[in-house]
Amino acid sequence: MMLKLEPRDGPPDSRMSAALRAILPVRDRDQFRAAVLARAAGLRPRTTLERWARPALAAAATVALAAWVAGGLLDAPGADALTLDGAMVSSATGSTPAALVIAAPRPPDAETVLAGMVNQ
Amino acid sequence: MPEPSPEEGAIVARARAGDRDAFAWLVDAYQEAVRRVTRAVLHDADEADDAAQDAFLSVLVKLEQYDPRRPFRPWLMRIAANVAIDRKRRRQVRHAQPIAVEAESHEPSPLIAAERAALRERLEAALRQLPERYRVALVLYDVEGYSHPEIADILGIPVGTVRSAVFHARRTLRPLLEGWREDR
């Protein structure tokens, strides 16, 4: 039996092309075009401003988050922070040093307590 | 595949800048190739046209990502093939604007029509039996005129795989073309 060899890199086959065009017909070009353009009309192209908007918002959010975290660290309870406890003591006793002593995260320094008593 | 004209590059640039007339030109120029490729993947003409519409809309959205130094048509065909393959995998029923089918104007005699219909059915059945990759590669090679490396780029597969796909697809369909005349 003789094998009929076909080249793997043969040029496009016109008969194959015609057959494929026939069984995969493309009809109604104008209607297809109109359908695509009608759907495209519903799509608004993104403007340059819009293209920049998303990264800009992301950057702003990152900066805000970083500021919040840094602010939280800076606002950690310290010696001069007036807490709710401090405000209550201050209003009850009329003594700001007493309020600071109550609000302080560490035990009061003896000199601070004495200085407050002397001032009172 | 014909070389891209300078006109095409300018029109793509205009479409990229938001010119809808330029986009319409691209739809006109490439709808046949796009619709044929989606048809090769999906078989059903209506679903293939839906996919082809989706492909053009995807192109419109992605135009800003298109690198104008590269040829436009393979980029378009890659999007079309991917849209069709993705659609076939998902098989979600979506309804694009339907396209009415017009009756052909010059009907052949009933005998010739029956013969043509039978041959077409056999070819369609044979094409349908081929693996998806073979069908798309064959259409891109024999109908659209892309080279093996271009098809490999479009489909994201090795050139050797494309060569093999076209070869096997042709070998399957050729016996059925014995009775095929090009004026059909």
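See the structure above.
Before going into details, it helps to say that this report is about the structure given with it. (Residues numbered from 1 in each chain as written. Chains lettered and ligands numbered in written order. Predicted model: local features only at pLDDT ≥ 70, side-chain atom pairs only at ≥ 80, totals over all residues.)

1. Digging into the overall build of chain B
Counting its secondary structure elements, chain B contains eight helices and zero strands. Mapped from its N terminus to its C terminus, chain B presents α and β elements in the order α-α-α-α-α-α-α-α. In chain B, which comprises 184 residues, the proportion classed as buried is 36%. (Helix = DSSP H or I, 4+ residues; strand = E, 2+ residues; numbered from the N terminus. Buried ≥ 20, exposed ≤ 12 C-beta atoms within 10 Å, placed from the backbone.)

2. Here's the deal with the overall build of chain A
When its secondary structure is counted, chain A shows six helices and zero strands. Across chain A, helices and strands are ordered from the amino to the carboxyl terminus as α-α-α-α-α-α. Evaluated residue by residue, chain A yields a buried proportion of 11% over its 120 residues.

3. What about unusual backbone geometry?
In this structure, A:Asp28 takes a positive phi of about 55° despite not being glycine. Counting through the fold element by element, A:Asp28 comes out in the loop between α1 (14-23) and α2 (29-41). The phi dihedral of B:His43 falls on the positive side, at around 70°, and the residue is not glycine. Positionally, B:His43 belongs in the loop between α2 (20-42) and α3 (45-62). On the basis of neighbour count, B:His43 is assigned to the partly exposed category, with 15 C-beta atoms found within 10 Å.

4. Here we look at the packing of helix α4 (residues 72-90) of chain B against helix α7 (residues 148-155) of chain B
All names here are of chain B. Between α4 and α7, whose axes approach to 8 Å, the crossing angle comes to 50°. Comparing their axes, α7 and α4 come out oblique. At the point where α4 passes α7, the crossing takes the right-handed sense. Residues Pro74, Met77, Arg78 and Ala81 of α4 lie in contact with α7, whose contacting residues are Glu150, Asp153, Ile154 and Leu155. Looking at the contact of α4 with α7 residue by residue, the class counts come to five nonpolar, no polar and three charged. (Axes fitted to C-alpha atoms, helices over the stretch in contact; angles between N-to-C directions. Parallel < 35°, antiparallel > 145°, perpendicular 65-115°, else oblique. Left-handed = near helix turned anticlockwise from the far one by under 90°. Contact = placed C-beta atoms within 7 Å. Nonpolar A, V, L, I, M, F, W, Y, C, P; charged D, E, K, R; others polar.)

5. Description of helix α8 (residues 159-173) of chain B
All names here are of chain B. The terminal C-alpha atoms of α8 lie 21 Å apart, and with 15 residues this matches the ideal 21 Å at 1.5 Å per residue to within 8%. Those residues of α8 not exposed but buried are Val162, Ala165, Val166, Ala169 and Leu173. The arc enclosing the buried residues of α8, seen along the axis, measures out at 95°, which places them on a common side. Facing away from the buried side of α8 by over 90 degrees, the exposed positions are Gly160 and Arg171. (Expected span 1.5 Å × (residues − 1). Arc of directions from axis to C-beta.)

6. A look at the nonpolar core
Residue and element names in this part refer to chain B. Formed by 55 residues in total, the largest nonpolar core has its most connected members in Val37, Ala80, Ala137 and Leu140. With 10 residues, the single largest contributor to this core is α2. Taken together, domain 1 (6-90) and domain 2 (110-179) each give at least three residues to this core, which thus spans both. Those residues in contact with valine 37, other than ones at most four positions away along the chain, are Met77, Ala80, Ala81, Ala84, Val136, Val139 and Leu140. (Core = buried A, V, L, I, M, F, W, Y, C linked by C-beta atoms within 7 Å. Domains from an automatic or database assignment.)

7. Looking at the environment of A:Val36
With respect to the helices and strands, A:Val36 occurs in helix α2. For A:Val36, a count of 28 C-beta atoms within 10 Å translates into the label buried.

Just distances and angles here, no functional claims.
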